[in-house]
Amino acid sequence: MTTYRLGVVGLGEGRSIMSAALASDRWQLHAICDLNEDVCRERAEEFGFARWTTRYSELLEDPEIDVIAIYTPDQLHHEHVRLALEAGKHVVCTKPLLVSLEGAEELIRLAERSGKHVFVGQSSRFFEPMLHQRRDFEAGRHGELQTVEAHYITDGRWFLERGWSRQQGFSWMYNFMIHAADLVRWYMPGELEVTGYGQCSSTSRDYGVEAWDSMRFVVRDEVGRIGTIAGSYTMPGLGRDAEPSIGCTLRGTQGSSRAEYLNLTYHTHFSGEGKRRQDFADKHGYYFRFEGESHHAGEYQNYIEYFAQCLDRGAAPLPDIREGVTTIALLEAMRRSADRGGERVRVSEVLKDYGIDG
Ligand SMILES: NC(=O)c1ccc[n+]([C@@H]2O[C@H](COP(=O)([O-])OP(=O)(O)OC[C@H]3O[C@@H](n4cnc5c(N)ncnc54)[C@H](O)[C@@H]3O)[C@@H](O)[C@H]2O)c1
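Summarised in this report is the structure supplied together with it. (Residues numbered from 1 in each chain as written. Predicted model: local features only at pLDDT ≥ 70, side-chain atom pairs only at ≥ 80, totals over all residues. Heavy atoms only, no water.)

A look at empty space enclosed by the protein
Tallied over the full model, the rule gives 1 cavity of 30 Å³ or more. Taken as a whole, the largest cavity encloses approximately 40 Å³ of empty space. Around the largest cavity, the lining residues are L97, V120, Q122, I178, D182, P319, G324, T327 and I328. Residue assignment for the lining of the largest cavity shows that the elements contributing at least two residues are α7 (172–187) and α11 (321–339). Per element, the largest residue contribution to the lining of the largest cavity is 3 residues, and it comes from α11. The residue makeup of the lining of the largest cavity includes at least three contributed by each of domain 1 (4–124) and domain 2 (125–283 + 319–352). (1 Å grid on protein atoms, 1.4 Å probe; cavity = no way out; pocket = protein on both sides within 12 Å on 5 of 7 lines; lining within 4 Å. Points joined across faces, edges and corners; volume = space filled by probe spheres on them. Helix = DSSP H or I, 4+ residues; strand = E, 2+ residues; numbered from the N terminus. Domains from an automatic or database assignment.)

Structure below.
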């Protein structure tokens, strides 16, 4: 069994991928990097892991590293992915892959020319209830899918304290709501049109953040299936029983299912089976490895192990760069629609505007 060597850049959320790699028998954590020396020292001590640097170029130049894992602020992903590909590395990049489609087609071409994989660490796909839901969907248990309802609703006011949340290029839509948008696109991968609204509260404004912090969108695909994408980020939350932050509900002619994030539950009602509630609380320790559920590494371990299996087979891990870019195009279509007071926008028209092959 091949073991792949990982270099991690950005050690905030990078802490989760460090934990995932150290716990996995498919990966060897080779080196870590953060601009902030104190963060490097903190992680080195936490994990008893000595090989750290403050210079990204050292990871890129290290011939031992197979895959670079990128967990730097959103606005830096484009550059960090490009540099990793140019250095001949495979990439796993956390969400959002990009904050703009400017230069996205060039990045796709670079990835294709390099023969290296860019895998988007779209963590919510790899959470326990979502994995079960996907299996049921692929087994056809929902019958003909009619609607997909996804939300990511959380009190993210703590996030406004972050320096980079107040920099240009940050948006709640790209940083948070992408989880819900990706889940909808995962089940509705065809051509989509979207309409919706966004609103920026005084809470965000008081921090100098102009991005919408409440958003509601409706999407429709070419066969008429309907998806809803909901996000609210700076209002007091209702607690996990009422609102398990990320959730995805599928409704089809033969069954309905609902996968819930924070409380690790999966509800189903399939034809001939009656209503069922599966509880994965026994896996809480695997998913949430750190104090206060602040970081969660189980999904990360699931996705890098899936990535390793793809590398073994020479198969593209999904979401790959093209799929990741299409999700960003969906976000851009949502943004345009809300900007234009709810006008209907097609994802294909966004891709075309940026010269990206859909
Ligand atoms: N569920 C998920 O998949 C999930 C959850 C949280 C965060 N994220 C993503 O992880 C990324 C980082 O978020 P975070 O919450 O850890 O932010 P953070 O600010 O806590 O950490 C970012 C780190 O990157 C470092 N950094 C910045 N520029 C760098 C550079 N040029 N070279 C090396 N290091 C550099 C900073 O010093 C900082 O320690 C974001 O893209 C975010 O969207 C994903």
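From this point, the narrative continues.
Regarding helix α6 (residues 128–138)
In terms of residue burial, α6 counts as a mostly covered element, since 8 of its 11 residues are buried. All of the buried residues in α6 are E128, P129, M130, L131, H132, Q133, R134 and D136. Remark: G140 follows α6 within two positions and exhibits a positive phi of approximately 80 degrees. (Buried < 20%, exposed > 50% of the residue type's maximum accessible area, 1.4 Å probe, protein only.)

A closer look at the sheet that holds strand β7 (residues 145–153)
Pairing within the open sheet is mixed, and its 9 strands lie in the order β14-β13-β12-β11-β7-β10-β9-β8-β15. Among the strands making up the open sheet, the edge pair consists of β14 (274–279) and β15 (345–346). Two elements, β7 and strand β11 (residues 246–252), share 7 bridges in a ladder whose sense is antiparallel. Its bridge partner being in β11, Y152 is matched across the sheet by I246. Each of β8 (192–199), β9 (214–221), β10 (226–232) and β15 is contacted by α11, which is oriented at about 55 degrees to β8, the strand it contacts most. (Pairing = 2+ DSSP bridges. Contact = heavy atoms within 4.5 Å. Axes fitted to C-alpha atoms, helices over the stretch in contact; angles between N-to-C directions.)

Thoughts on the nonpolar core
Counting 108 residues, the largest nonpolar core has W27, W172, I229 and M334 as the members making the most contacts within it. Examining the composition of this core, we find that 12 residues originate from one element, α7, more than from any other. Two domains each donate at least three residues to this core, and these are domain 1 (4–124) and domain 2 (125–283 + 319–352). Dropping the residues within four chain positions of it, I229 is found in contact with A150, M177, A180, A181, V184, M215, R216, F217, V219, L330 and M334. (Core = buried A, V, L, I, M, F, W, Y, C linked by side-chain atoms within 4.5 Å.)

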